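Take a look at the letters that make up each chain.
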Amino acid sequence: MADERKAARLFDIRRVIGGLFVVYGLVIGLVGLFDSPEEIAKAQGVRINLWTGIVMLVLGVLFLLWQWWRPLELGHADSPTDDTEPAR
Amino acid sequence: MRLDLDALDYAILALYFLTVLGIGFAARRAISNSADFFLSGRSLPAWVTGLAFVSANLGAIEILGMAANGAQYGLMTVHYYWIGAVPAMVFLGIVMMPFYYGSKVRSVPEYLRLRFNRPAHLLNAITFAVAQVLIAGVNLYALALVMQALVGWPLWVSIVVAAFFVLAYITLGGLSSAIYNEVLQFFVILAGLIPITIIGLVKVGGIDGLFDKVRDSKLGDAALHTWTNTAHSGDNPLGASWIGIVFGLGFVLSFGYWTTNFAEVQRALSARNMSAARRTPIIAAYPKLIIPAVTVIPGLVALVTVNGLGGTTGDLQYNNAIPLLMRDLLPNGVLGIAVTGLLAAFMAGMAANVSGFNTVFTYDIWQPYLRPDRDDSYYLRTGRIVTVIGVLIGIGTAFIAAGYSNIMNYIQALFSVFNAPLFATFIIGMFWKRMTAWAGFVSLLSGTIVAVAIYLLYKLGILSFGSDLDESFWGASIAFLTVSVVAVLVTLMTTPKPESELRGLVYGVHPADLTGDAIAGDTAWYRSPVILGAGALALAVMFYLPFL
């Protein structure tokens, strides 16, 4: 069962999206902190790396929180049944 | 128009490729039989299949092409979304999905076998399979062209690298891999397009500034209207009358594409129950409603900021609207995300073709006609081998297209003409239970021949139409009529199938159970396909109001 659950967790696309966007968000946001004036001028004065990084980071964290808040149901190890409401 | 990618951009791209492979390996663990491989074990939630549904259509050719249309025709491009997609997607979910999902068919051609007969089935299976591998090749070639222009990779490097990754993740993880990558790609491409749109709007002074500048451009005020001046086809930038837009684009072309194209419908068939399958195309309709904001607006921005946009060759073609804005506006970092998004969109487009192809070839050609009655693991293995063969044919097609670049346009246009007669056959067969098996085959065949003939006569200059678009409207409409007439004539001369063979396949004959497999929460109003669908249609109408 533990193995099955692990496979299911790996298979949850929310974790993949969340993980990738957190990494992208951190990298681009950090780069954005140190953007040169020329780069900011190229983007019409918008600190686009910083803003894109922040938004991607937030989106990534939201996906991870969602996945943590509504984990996959047991008994459906191979089926991500995440938007199900808890059984009543 | 070379982009100046640095190490950071390449690192972003590399991380994406690694993630794609990782999804392939993770998905492989969940595959134990052929239904897992071809249909994701019918286990996915609606938000996943819905985003995959819109993503399978959100290929890079589509994105670059719609931005190009935005620059060339102005706001009339939104017709491709609001009337040319959303109504068909809602119709698929509410009306047609009960037949597809309820009859437990594994593919669109399989529906034709149950509803009509084997000749109709084989005709559709073969045309679909051939179309998918050739279009996969076209996707691959288009990807290679863009990568050559943007980052200077030789054509063969892009073709081989992209084909390798698609091959790897589909062979490993089957449809689950393809769908999960499509969902991921959806977010990455938006992360690339939204910054382009925002900076573009800042540059031209917001929406008002953009519209002022468009009025002064070569398109003029006509570019800011969608329905004004559509009484005659010659009076507006798109060259289409309201009849052409409503019936040609909104009905025949769009319903043909969205409701019978297995590369799309397959996403819904992988949903975990009837409710999720019906919601799949409807959930997809919501992003589809707002995607023009990140394709048409950048197209208009490019029109007013890139001097000389609109050449027939070279860097300033309309198709380069988005790449040119990437070059002019994006700093390294976000630039890497945008390039990754484009590449991901190309690969997702190709993966949708390949996963549709391997399913139809295995389930609809190999299993019923060539090697029946083997055990399931045999067909799972076949699916993997067929994936390799499909990708290899795609690579071959891409190299042929590289030699004769016009072939690419012909292939795309040619296969789009197969949709209208197929849709006509489906819709009549679904709603008219007397339609006979042979009427299905003969009408599909004659409609297809008529559609191809009109296209060829137009290309040879024997028939003339206002524009390519005008030709596709008329070609599709005439094919639709041909199918209708032939279907009625042949039905009158042949015997219908007994009702017992039409259960769950035809409207009014033992309708499929819509709620039998529902799970907790499916009864909530926000999961009702009808309410969600009505909401999407209402939004489409509202979105038109400011731009009449």
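The model shown is predicted, which means the values in this text are computed figures rather than measured ones. Residue numbering note: each chain is counted from 1, following its sequence as written. Here every chain gets a letter starting at A, and every ligand a number starting at 1, in the order they are written. Reporting in this predicted model follows two pLDDT cut-offs: at least 70 for local features of residues, and 80 or more for side-chain atom pairs to be given and counted; totals over whole chains, interfaces and linings ignore these cut-offs and use all residues. Side-chain figures throughout are based on the complete set of non-hydrogen atoms in the structure, without hydrogens or water.

### Some details on the overall build of chain B
Of the regular secondary structure elements, chain B holds 22 helices and zero strands. The globule rule puts the C-alpha radius of gyration for 548 residues at 24 Å, and the 23 Å found for chain B is close to it. If you line up chain B on its principal axes, its C-alpha atoms span 65 × 55 × 50 Å. Here chain B holds 548 residues, and the buried ones make up 63% of them. Long-range contacts, defined here as pairs at least 24 residues apart, represent 82% of the contacts in chain B between residues at least 6 apart. If you sum the accessible surface of chain B, you get close to 19,100 Å²; carbon and sulfur atoms cover 66% of it. Charge assignment in this entry is limited to Lys and Arg as positive and Asp and Glu as negative, and neither His nor the chain termini are counted. One atom stands in for each charge, and that atom is NZ of Lys, CZ of Arg, CG of Asp or CD of Glu. With 29 positive and 27 negative side-chain charges, chain B shows a spacing of 9 Å between the two charge centroids. Strands here mean DSSP runs of E at least two residues long; helices mean DSSP runs of H or I at least four residues long; both are numbered from the N terminus. Atoms counted for the radius of gyration: C-alpha only. Globule rule: 2.2 Å times residue count to the power 0.38. Three exposure classes are used, based on accessible area relative to the maximum for each residue type with a 1.4 Å probe and protein chains only: buried under 20%, partly exposed in between, and exposed over 50%. We call two residues contacting when some pair of their heavy atoms lies within 4.5 Å. Throughout, the Shrake-Rupley method with a 1.4 Å probe supplies accessible areas, and for residues the shown protein chains are the sole cover considered.

### Some remarks on the nonpolar core
By convention a nonpolar core is built from buried Ala, Val, Leu, Ile, Met, Phe, Trp, Tyr and Cys residues, the set being connected through side-chain atoms within 4.5 Å. Grouped together as the largest cluster of nonpolar side chains are 201 residues, with contacts concentrated most on A:I13, B:Y100, B:V183, B:L210, B:M326 and B:F426. It is helix α9 (residues 155–204) of chain B that contributes the most residues to this core, 25 residues altogether. Residue contacts for B:V183: discarding those within four places in its chain leaves A:I13, A:I17, B:W47, B:V48, B:L51 and B:A52. Of all hydrophobic cores here, the second largest spans ten residues; its members include B:V138, B:I411, B:V417 and B:A451.

### Quick word on the side chain of B:R384
All names here are of chain B. Here R384 is to be found in helix α17 (residues 376–403). Every case where a carboxyl oxygen of Asp or Glu lies within 4 Å of a side-chain nitrogen of Lys or Arg is listed as a salt bridge. For the buried R384, which has no salt bridge, the nearest side chain bearing the opposite charge is D36, at an N-O separation of 9.2 Å. For R384, the contacting residues outside a window of four places in its chain are R28, I31, F37, T171 and L172.

### Remarks on the interface of chain A and chain B
Interfaces are often sized by the accessible area lost when the parts come together. The interface is formed by 35 residues belonging to chain A together with 43 residues belonging to chain B. Here the buried area means the combined drop in accessible surface, using a 1.4 Å probe, for two parts upon being joined, counting both sides. Taken together, both faces of the contact between chain A and chain B bury some 3,400 Å²; the carbon and sulfur share is 71%. As used in this structure description, the phrase polar contact means that two N or O atoms lie within 3.5 Å; if the pair is within protein, one of them must be able to donate a hydrogen and the other to accept it, and residues adjacent in sequence are counted only when both atoms belong to side chains. Our enumeration of links across chain A and chain B arrives at six residue pairs in polar contact (both at pLDDT 80 or more). Breaking the side of chain A that touches chain B down by element, the ones donating at least two residues are α1 (2–10), α2 (13–33), α3 (37–42) and α4 (48–69) of chain A. The element that contributes the greatest number of residues to the side of chain A that touches chain B is α2(A), accounting for eleven residues. Residues belonging to the side of chain A that touches chain B are distributed by class as follows: 21 nonpolar, six polar and eight charged. Gly is put with the polar residues, along with every residue not named as nonpolar or charged; the nonpolar set is Ala, Val, Leu, Ile, Met, Phe, Trp, Tyr, Cys and Pro, and the charged set is Asp, Glu, Lys and Arg.

### What about the environment of B:L330?
Relative to the helices and strands, B:L330 resides in the loop between α15 (321–329) and α16 (334–370). Given the relative accessible area of 0%, B:L330 is considered buried. In this structure, the C-alpha to C-alpha distance between B:L330 and B:L289, residues 41 residues apart in sequence, is 26 Å. In this structure, B:L330 is in contact with A:K42, B:P195, B:I196, B:I199, B:L325, B:L335 and B:A338, ignoring residues within four places of it in sequence.

### With respect to the packing of aromatic side chains
Any two rings among Phe, Tyr and Trp, with Trp reduced to its six-membered ring, count as a pair given centres within 6.5 Å; such a pair is stacked if its planes are under 30 degrees apart, edge-to-face if over 60, and tilted if neither. Per the counting criterion, the structure on display carries 34 aromatic pairs over all chains. Aromatic ring contacts, followed pair by pair, group A:F21, A:F63, A:W66, B:W47, B:F186 and B:F187 into a single cluster. Think of it as a cone above the ring: NZ of Lys or CZ of Arg counts as a charge over the ring if it is within 6 Å of the ring centre and within 35 degrees of the ring normal. Over the ring of B:Y363 we find B:R106; its NZ or CZ atom is 3.8 Å from the centre of that ring. Sitting over the face of the ring of B:Y378, B:R374 holds its NZ or CZ atom 4.8 Å from the ring centroid.

### A short note on the pattern of salt bridges
Residue and element names in this part refer to chain B. Tallied over the entire structure, the rule returns eleven salt bridges over all chains. The salt bridge involving K288 is made with E62; its shortest N-O contact spans 3.4 Å. Of the two residues, K288 sits in helix α13 (residues 274–290) while E62 sits in helix α4 (residues 60–73), which places them 226 residues apart along the sequence. Judged by relative accessible area, which is 1%, K288 ranks as buried. Assessed through its relative accessible area of 19%, E62 is described here as buried. The residue D212 makes a salt bridge to R215 at a minimum N-O spacing of 3.2 Å. With D212 and R215 both in helix α10 (residues 206–215) and three residues apart, this pair spans about one turn of that helix. For D212, a relative accessible area of 44% corresponds to the partly exposed category. What makes R215 partly exposed here is its relative accessible area of 40%.

### A few points about the confidence of the model for chain A
Interpretation of this model should avoid reading the predicted coordinates in detail wherever pLDDT is low. All names here are of chain A. Residues with a pLDDT of 70 or more make up 68% of chain A, whose mean pLDDT is 76. Taken element by element, the predicted model of chain A shows its lowest mean pLDDT in α1 (46) and its highest in α4 (94). In predicted models, pLDDT denotes the confidence assigned by the predictor to each residue on a 0 to 100 scale. Below pLDDT 50 for its whole length, residues 1–7 participates in five contacts with residues either more than four positions away or in separate chains. The low-confidence segment residues 74–88 (pLDDT under 50) makes 43 contacts with residues lying over four places distant or belonging to another chain.

### Details of a nonpolar patch on the surface
In this analysis, a patch consists of residues with relative accessible area above 30% that form no salt bridge, clustered at 9 Å for like charges and at 5 Å for the nonpolar side chains Val, Leu, Ile, Met, Phe, Trp and Tyr. On the surface, A:W51, A:I54, A:V58, A:V61, A:L62, A:L65, A:W68 and A:W69 cluster together to form a nonpolar patch covering roughly 910 Å² of accessible area. Its location among the elements puts A:V58 in helix α4.

### Thoughts on the packing of helix α1 (residues 7–28) of chain B against α16(B)
In helix packing, the relevant descriptors are the interaxial angle and the interaxial distance, both defined with respect to the helix axes. Residues and elements named next belong to chain B. Note on definitions: angles span 0 to 180 degrees between N-to-C directions of axes, and those axes are lines fitted to C-alpha atoms, for helices only across the stretch in contact. At a minimum axis distance of 8 Å, the contact between α1 and α16 shows a crossing angle of 35 degrees. Between α1 and α16 the crossing geometry is right-handed. Contacts from D9, I12, L13, Y16 and F17 in α1 reach L335, G336, I337, T340, L343, A344 and M347 in α16. Tallied by class, the residues present in the contact of α1 with α16 amount to nine nonpolar, two polar and one charged. Crossings are assigned a handedness: left-handed for a near helix turned anticlockwise from the far helix by less than a right angle, right-handed for a clockwise turn.

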